[in-house]
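# Per-entry structural report
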Amino acid sequence: MKEHIKNFLNEEQDPKAVEKITSKLNDILMRGEEIGYIGVQKKPAITVFPDSIVLTNKRIILCKPKNLGLSMDFTDFSWSIITATFVKENILGSEFSFNTNTDLTVSIDYIPKIQARKINTFAKEQLEDLKEAAAPAKPETFFAELSAEQHPPVAEEVEEVEEVETEEVNDYAEIISPLPQPVAPAYSEPAPVAEEKSSKDKALSELSKEELFDKLQNYKKLLDNGLILQGEYDAFKKEILAYL
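Counting restarts for each chain: residues are numbered from 1 in the order of the written sequence. Per-residue local features are limited, in this predicted model, to residues with pLDDT of at least 70; the limit for side-chain atom pairs, both in listing and counting, is 80 or more; totals at the level of whole chains, interfaces and linings are taken over all residues. Working from all heavy atoms in the structure, the side-chain values ignore hydrogens and water.

### Things to note about the packing of aromatic side chains
By convention here, two paired aromatic rings are described through the distance between centres and the angle between planes. Put simply, the test is: Note on aromatic contacts: the rings of Phe and Tyr and the six-membered ring of Trp form a pair at centre separations within 6.5 Å, being stacked when their planes are under 30 degrees apart, edge-to-face when over 60 apart, and tilted otherwise. Secondary structure elements follow DSSP: runs of H or I of four or more residues count as helices, runs of E of two or more count as strands, with numbering from the N terminus. Only protein chains enter the area calculation, which uses a 1.4 Å probe; residues under 20% of their type maximum are buried, those over 50% are exposed, and those in between are partly exposed. By definition, being over a ring means that NZ of Lys or CZ of Arg is both within 6 Å of the ring centre and within 35 degrees of the ring normal.
For the structure on display, the rule yields three aromatic pairs. On the basis of an interplanar angle of 70° and a centroid distance of 5.2 Å, the ring pair of phenylalanine 77 and phenylalanine 98 is categorised as edge-to-face. Of this pair, phenylalanine 77 sits in strand β4 (residues 71-78) while phenylalanine 98 sits in strand β6 (residues 94-100), and the two are 21 residues apart along the sequence. Across the pair, phenylalanine 98 and phenylalanine 77 agree in class, each one buried. Ring geometry for phenylalanine 96 versus phenylalanine 98: centroids 6.2 Å apart, planes at 45°, classification tilted. The residues phenylalanine 96 and phenylalanine 98 share a single accessibility class, namely buried. Grouping aromatic residues by their ring pairs yields a cluster made of Phe77, Phe96 and Phe98. Across from the ring centre of tyrosine 233, 5.7 Å away, lies the NZ or CZ of lysine 220, which sits over that ring.

Next up, the structure:
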């Protein structure tokens, strides 16, 4: 029996109290339930029958001896109903308490400080494990399946879009290809315009004001169409204005 309780005597728990508790707990432990930690009260005065707290992987069990230690009351609380745990350190020991989802607060006092800390740590680890285990896996599975179902159509849509874009590009290529033919003559006219311009410049003095004004407008159009440079236009303008 001493070998059995050896793991629960690390923080100066009362060996007799632990031995008595473990012997009785063997009859009430559920299948797959294992004891994780045992804390024992240590009051300032001599306590023959101290209260104890047992933490398993399934619940918290409060053990209170009665009838001079001949019997014992067990009150258990499943981890699923426990919402939070607390430790309050006092001068003489600590108080460990926890809340339930029914707004019930349960506590046990005069627990040695080191035991209270270990109890609280174990309790928080169990609550954290419970939260992780309770996290619904169905939404993740659902989204994974939904994503897998949606990917193939997306790939097909992309392929269709690419085909449409290819056809449009081919059509544009066919439309654009004949355009250079009408554009070429537009750039072949500057030479005759320059010749006509040079021949008319010699007779500026013979033109009327209206003709000179029309001539200036023609040069302006040539400038706007990019057929002459700004400097050339300014020179022609200066010559024409000299006769106006």
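### Section: the sheet that holds strand β5 (residues 82-89)
Selection criterion: By definition, two strands form a pair when at least two bridges between them are found by DSSP. Note on method: axes are straight lines fitted to C-alpha atoms, helices fitted across the in-contact stretch only, with angles between N-to-C directions ranging 0 to 180 degrees. Contacts are residue-level and defined by heavy atoms, with any inter-residue pair within 4.5 Å sufficient.
Read from one edge of the open sheet, three strands run β5-β6-β7, paired in antiparallel fashion. If you trace the sheet from one side to the other, it starts and ends with β5 and β7 (105-111), each paired once. Taken over all neighbouring pairs, the strand axes of this sheet differ in orientation by 15° on average, direction set aside. Across five bridges, β6 lies against β7 in antiparallel orientation. Considered in β7, the bridge of phenylalanine 98 is made with valine 106. Where helix α3 (residues 113-134) meets the sheet, its contacts fall on β5, β6 and β7, and the angle it forms with β5 comes to roughly 160°.

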